[in-house]
Amino acid sequence: MYFCSMDGIKTEIEITADGSATLYRPDLDEHYHSVKGALTESWHVYVECGFLHRLAMSHELPLNVLEVGYGTGLNAALTLKAAGNDRVVYKSLELYPLDAWQLDMSGFGYDNADAMVAVNAAPWNREVAMSPTFTLVKLQADFTNCELPQDIDVVYFDAFAPEKQPEMWTRGCFERLFRAMRTGGVLTTYCAKGAVRRMLQDVGFATERLPGPPGGKREILRGVKP
Ligand SMILES: C[S@@+](CC[C@H](N)C(=O)[O-])C[C@H]1O[C@@H](n2cnc3c(N)ncnc32)[C@H](O)[C@@H]1O
């Protein structure tokens, strides 16, 4: 089955190893998540190692999250669930937004299906209160040249792979993120390549290699702004 985004880009639904769904882009030969488990990857890399890790150390709320690559809304939905009553402003950049109805059809998430529907129904390019404490701002923008929000506490760096979209993984891109982050802010990504780790270190991040999600990649990366 093919779906089309607003720009006519075709995507296909695939069920991953943990039973959750992802989308596949035939033109790039690239999935939106790990085929070894979309939900497991999103939860581990971004929510557990990024959001909850930073929240546990945070003295100042709201926590400002910036996602690079909104995609299906899975990271946003899981974060909405995980945030509970803590105050969060979640901003997400996406150059090719998918239509909400296409995403609602895709059967993502099970116990977080309500959150998926809610985040995907939210309009683009404006602040939306998803709860009294969680603000969502989905921005249609090109990460490589847009103005970034400031005072970011958590970056979910969830671009397509470096070999598919090298322009997203440059030193300049990481430098812009570093500058936009607060001291103590964390960036996580599923990509643990040495070249990416060295770029993060080069622009000032202290980096850690962390174990990857169960059944998935061996390692992931976390960078902290000292
Ligand atoms: C790996 S997927 C993100 C998956 C997503 N975080 C989720 O939870 O479903 C990468 C996303 O980056 C988006 N993207 C590609 N180029 C971009 C750019 N220049 N600026 C912003 N987003 C971009 C793609 O359209 C895709 O949705």
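Above this note sits the structure.
Residues numbered from 1 in each chain as written. Predicted model: local features only at pLDDT ≥ 70, side-chain atom pairs only at ≥ 80, totals over all residues. Heavy atoms only, no water.

## A short note on the overall build of the chain
Along its length, the chain carries six helices and twelve strands. Since a compact globule built from 226 residues should have a radius of gyration of about 17 Å, the 16 Å found for the chain is in line with a globular shape. When its C-alpha atoms are laid out on the principal axes, the chain stretches across 45 × 40 × 35 Å. Per-residue burial for the chain yields a buried fraction of 53% across its 226 residues. Contacts in the chain between residues at least 24 apart in sequence constitute 64% of all its contacts with a sequence separation of at least 6. With the model as given, the accessible surface of the chain reaches about 9,700 Å², and the carbon-plus-sulfur share is 52%. (Helix = DSSP H or I, 4+ residues; strand = E, 2+ residues; numbered from the N terminus. Rg over C-alpha atoms; globule rule 2.2 N^0.38 Å. Buried < 20%, exposed > 50% of the residue type's maximum accessible area, 1.4 Å probe, protein only. Contact = heavy atoms within 4.5 Å. Areas by Shrake-Rupley, 256 points an atom, 1.4 Å probe, with all protein chains shown as cover.)

## Let's talk about the site of the ligand
Near the ligand, the surroundings consist of 21 residues, among which Gly69, Thr72, Glu94, Asp142 and Asp158 are the closest. Gly69 is positioned such that a nitrogen or oxygen atom in its backbone is 2.7 Å from a nitrogen atom of the ligand. Leu95 has a polar backbone atom sitting 3.3 Å from a nitrogen atom of the ligand. Burial of the ligand by the surrounding chains reaches 99%, relative to a free accessible area of 610 Å². Structurally, the ligand is housed in the largest pocket. For the shell around the ligand, the secondary-structure elements that each account for two or more residues are α2 (74-83) and β6 (88-94). (Near = heavy atom within 4 Å. Polar contact = N/O pair within 3.5 Å; in protein donor to acceptor, adjacent residues only side chain to side chain. 1 Å grid on protein atoms, 1.4 Å probe; cavity = no way out; pocket = protein on both sides within 12 Å on 5 of 7 lines; lining within 4 Å. Sits in = over half its atoms within 2 Å of the grid points.)

## With respect to the packing of helix α1 (residues 38-57) against α2
The description of two helices packed together rests on the angle between their axes and the distance between the axes. Relative orientation of the contacting elements α1 and α2 amounts to 55 degrees, with a least axis distance of 10 Å. Between α1 and α2, the angle falls in the class oblique. As for the relative orientation of α1 and α2, their crossing is right-handed in sense. Of α2, the residues touching α1 (which contributes Ala38, Leu39, Ser42, Trp43, Tyr46, Val47, Phe51 and Leu52) are Leu74, Asn75, Leu78, Thr79, Ala82 and Ala83. (Axes fitted to C-alpha atoms, helices over the stretch in contact; angles between N-to-C directions. Parallel < 35°, antiparallel > 145°, perpendicular 65-115°, else oblique. Left-handed = near helix turned anticlockwise from the far one by under 90°.)

## Quick notes on the packing of aromatic side chains
Following the criterion strictly, the structure yields eleven aromatic pairs and no others. Each residue in the set Phe143, Phe157, Trp169, Phe174 and Tyr190 is aromatic and connected to the rest through ring pairs, giving one cluster. When the ring centre of Tyr96 is taken as origin, the NZ or CZ atom of Arg25, which lies over that ring, is 5.5 Å away. One Lys or Arg, Arg176, reaches over the ring of Phe143 and ends 5.2 Å from the middle of that ring. (Phe/Tyr/Trp six-rings, centres within 6.5 Å; stacked < 30°, edge-to-face > 60°. Lys NZ or Arg CZ within 6 Å of the ring centre and 35° of its normal.)

## Structural notes on helix α4 (residues 113-121)
Two residues of an α-helix separated by three or four positions point the same way, owing to the 3.6 residues in each turn. Those residues of α4 that fall on the buried side of the exposure criterion are Ala115, Met116, Val119 and Asn120. On an axial view of α4, the arc spanned by its buried residues comes to 125 degrees, and they lie on one face. (Arc of directions from axis to C-beta.)

## Here we look at unusual backbone geometry
For the bond from Leu61 to Pro62, the omega torsion is 10 degrees, close enough to zero to count as cis. Here Pro62 is to be found in the loop between α1 and β5 (63-68). Phi is positive for Asp29, which is not a glycine, with a value near 55 degrees. Overall, Asp29 belongs to the partly exposed group, its relative accessible area being 48%. Residues other than glycine seldom take positive phi values, yet Asp151 does so here, at roughly 60 degrees. Within the fold, Asp151 resides in the loop between β8 (134-140) and β9 (152-157).

## Let's talk about the nonpolar core
Side chains of nonpolar character tend, in soluble globular proteins, to be buried together. Ranked by internal contacts, the top residues of the largest apolar core, which has 60 residues, are Phe51, Phe143, Phe157, Trp169, Phe174, Leu177 and Leu187. Considering each element in turn, this core owes the most residues, seven residues, to α1. For Phe143, the residues in contact, after removing those within four places along its chain, are Val68, Leu93, Leu148, Phe157, Met168, Cys173, Arg176 and Leu177. Listed in part, the five residues of the second largest apolar core include Leu23, Tyr32, Leu98 and Phe160. (Core = buried A, V, L, I, M, F, W, Y, C linked by side-chain atoms within 4.5 Å.)

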